[in-house]
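Spelled out, the chains give:
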Amino acid sequence: MREIAFREALNEALAEEMERDEDVFLLGEEVAEYNGAYKVSKGLLDKFGARRVVDTPITEAGFAAIGVGAAMAGLKPVVEMMTFNFAILALDQIINHAAKARYMSDGQFSMPMVVRGAGGAGGALAAQHSQSLEAQYAHIPGLKVMMPATPKDAKGMLKTAIRDPDPVIFIESEVLYGFKGEVPEEKYLIPMGKADKKREGDDCTVISWSRALHFAAEAADKVAEEEGVEVDLIDLRTIRPFDREMIAESVKRTNRVVVVEEGWPFASVGASIAEWVSRELFDWLDAPVGRVHQRDVPMPYAYNLEAASLPSADGIADAIRRACYID
């Protein structure tokens, strides 16, 4: 094992898959000459050339469409969105074409395409650049959605996404690019739809993903130290399809659930998971399903107000206490 940054893990995943399969190529704004806005594609232009690492104009709908066409023709594009706030401009291509190509062609076309880039709050970037939009994509049949929280997961999950025959939305937290963690020396994959148990406990199941997982981990330490409550912390990793089996096993043991997300509360991924748990696992619940999320407002610009808007370790700890009926 070695310790590397989140961005380096993604870079290794891209390089390994481009070496493995010459049909894989990367395109997007500033991915080549500038080495990527977040330096995820650093060195790839020198290694693979301009034919496979392609700078595009600032035209999200246009280069997303190139990715769709390339995938239909048998290539494996990785389309980088500088931020998923900008990917809104490409929703027609992603939702109306990439997500539906296999279905509408009766299986004649596959769509081995990854759309990846930064999402979530980025630190005083204000409302139009600080949105967690995973629910937008998880809502669409035909799209798979992955959101890693650690460098190890980022590398293995991106490699899996690139090899998948269907379109994958791969959202990376903007503030995790410099986060360091252990990554195996050997090559590896992380299966689509398989969650990871980050912490074992019998008192309360906490379900989270991406950056919010780190807030949840802090909260788990806090309630363990202060109340002796041991949390079963699940990192979903894949949002759609999510790992129902691991969640069910955990809830049947702990009988309490808190879902933590960086996104807004209404019609969110967390709302869907909470609904599924309440409907399918009702007989095992000893308390209502708790939810912690961003406040239901556009993201403020000021640093202090951004922090107040997002989930916090203290807020998650309070939700765990409520689930366990601790005053």
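Notes on the structure follow. Source: prediction; values computed, not measured.

**So, the overall build of the protein chain**
Within the protein chain, the regular secondary structure consists of twelve helices and 14 strands. Whereas a compact globule of 327 residues would reach a radius of gyration of roughly 20 Å, the protein chain reaches 20 Å, a difference of no more than 12%. Principal axes of the C-alpha set define a box for the protein chain whose edges measure 60 × 45 × 40 Å. Residues counted as buried form 57% of the 327 residues belonging to the protein chain. Here the analysis covers contacts within the protein chain between residues at least 6 apart in sequence; of these, 81% occur between residues at least 24 apart. When the accessible area of the protein chain is evaluated, it comes to approximately 13800 Å², of which 53% is carbon and sulfur surface. Across the protein chain, the centroid of the 36 positively charged side chains sits 3 Å from that of the 53 negatively charged ones.

**Some words on helix α7 (residues 151-163)**
Under the 1.5 Å per step criterion, the end-to-end length of α7 is 19 Å for 13 residues, consistent within 8% with the ideal 18 Å. Most of α7 sits inside the fold, with eleven of its 13 residues counted as buried. Among the residues of α7, those classed as buried are P151, D153, A154, K155, G156, M157, L158, K159, T160, A161 and I162.

**A short note on the packing of aromatic side chains**
The full count for this structure, using the stated rule, is four aromatic pairs. Measuring from ring centre to ring centre gives 4.7 Å for Y38 and Y177, while their planes differ by 20°; the resulting arrangement is stacked. Remark: Y177 occurs in the loop between β7 (168-173) and β8 (180-183) and Y38 occurs in the loop between β2 (24-28) and α2 (44-48); sequence separation between them is 139 residues. With 5.6 Å between their ring centres and 75° between their planes, F84 and Y137 make a pair best called edge-to-face. Taken together, the residues span a long stretch of sequence, with F84 in the loop between β4 (76-81) and α4 (91-98) and Y137 in helix α6 (residues 134-138) at a distance of 53 residues. Taking relative accessible area as the criterion, F84 reaches 1% and is therefore assigned buried. Grouping aromatic residues by their ring pairs yields a cluster made of F6, Y38 and Y177. For the cation-ring pair, K39 lies above Y34, with the distance from its terminal atom to the ring centre recorded as 3.6 Å.

**A short note on the sheet that holds strand β6 (residues 144-146)**
Read across the sheet, seven strands follow the order β3-β2-β4-β5-β7-β6-β12 without closing on themselves; strand pairing throughout is mixed. Each having just a single partner strand, β3 (53-55) and β12 (238-240) make up the two edges of the open sheet. Across the sheet, the mean angle from the axis of one strand to that of its neighbour is 20°, orientation sign disregarded.

**Describing the layout of surface pockets**
Within this model, the largest pocket holds a volume of roughly 360 Å³. At the level of elements, α6, β12 and α10 (269-280) are the ones that each hand at least two residues to the lining of the largest pocket. Approximately 150 Å³ is the volume found for the second largest pocket. For the second largest pocket, the full set of lining residues is S132, L133, E134, A135, Q136, E261, G263, W264, F266, A267, S268 and V269.

**A short note on empty space enclosed by the protein**
Inspection of every chain in the model, using the stated rule, returns two cavities of 30 Å³ or more. As for the largest cavity, its lining consists of G119, G120, S132, E134, M147, I171, S173, W209, S210, A212, E261 and E262. For the lining of the largest cavity, the elements supplying multiple residues, two or more each, are β7 and α8 (210-227). Residues that form the lining of the largest cavity fall into these classes: four nonpolar, five polar and three charged. Space inside the second largest cavity adds up to approximately 30 Å³. Around the second largest cavity, the lining residues are Y38, V40, E80, M81, M82, R116, G117, A118, E172 and Y177. Here the lining of the second largest cavity takes three residues from strand β5 (residues 114-119), the largest share from any one element. A per-class count over the lining of the second largest cavity returns six nonpolar, one polar and three charged.

What counts, and at which threshold
Residues numbered from 1 in each chain as written. Predicted model: local features only at pLDDT ≥ 70, side-chain atom pairs only at ≥ 80, totals over all residues. Heavy atoms only, no water. Helix = DSSP H or I, 4+ residues; strand = E, 2+ residues; numbered from the N terminus. Rg over C-alpha atoms; globule rule 2.2 N^0.38 Å. Buried < 20%, exposed > 50% of the residue type's maximum accessible area, 1.4 Å probe, protein only. Contact = heavy atoms within 4.5 Å. Areas by Shrake-Rupley, 256 points an atom, 1.4 Å probe, with all protein chains shown as cover. Lys, Arg positive; Asp, Glu negative; His and termini not counted. Charge placed at Lys NZ, Arg CZ, Asp CG, Glu CD. Expected span 1.5 Å × (residues − 1). Phe/Tyr/Trp six-rings, centres within 6.5 Å; stacked < 30°, edge-to-face > 60°. Lys NZ or Arg CZ within 6 Å of the ring centre and 35° of its normal. Pairing = 2+ DSSP bridges. Axes fitted to C-alpha atoms, helices over the stretch in contact; angles between N-to-C directions. 1 Å grid on protein atoms, 1.4 Å probe; cavity = no way out; pocket = protein on both sides within 12 Å on 5 of 7 lines; lining within 4 Å. Points joined across faces, edges and corners; volume = space filled by probe spheres on them. Nonpolar A, V, L, I, M, F, W, Y, C, P; charged D, E, K, R; others polar.

In short, geometric facts, not functional conclusions.
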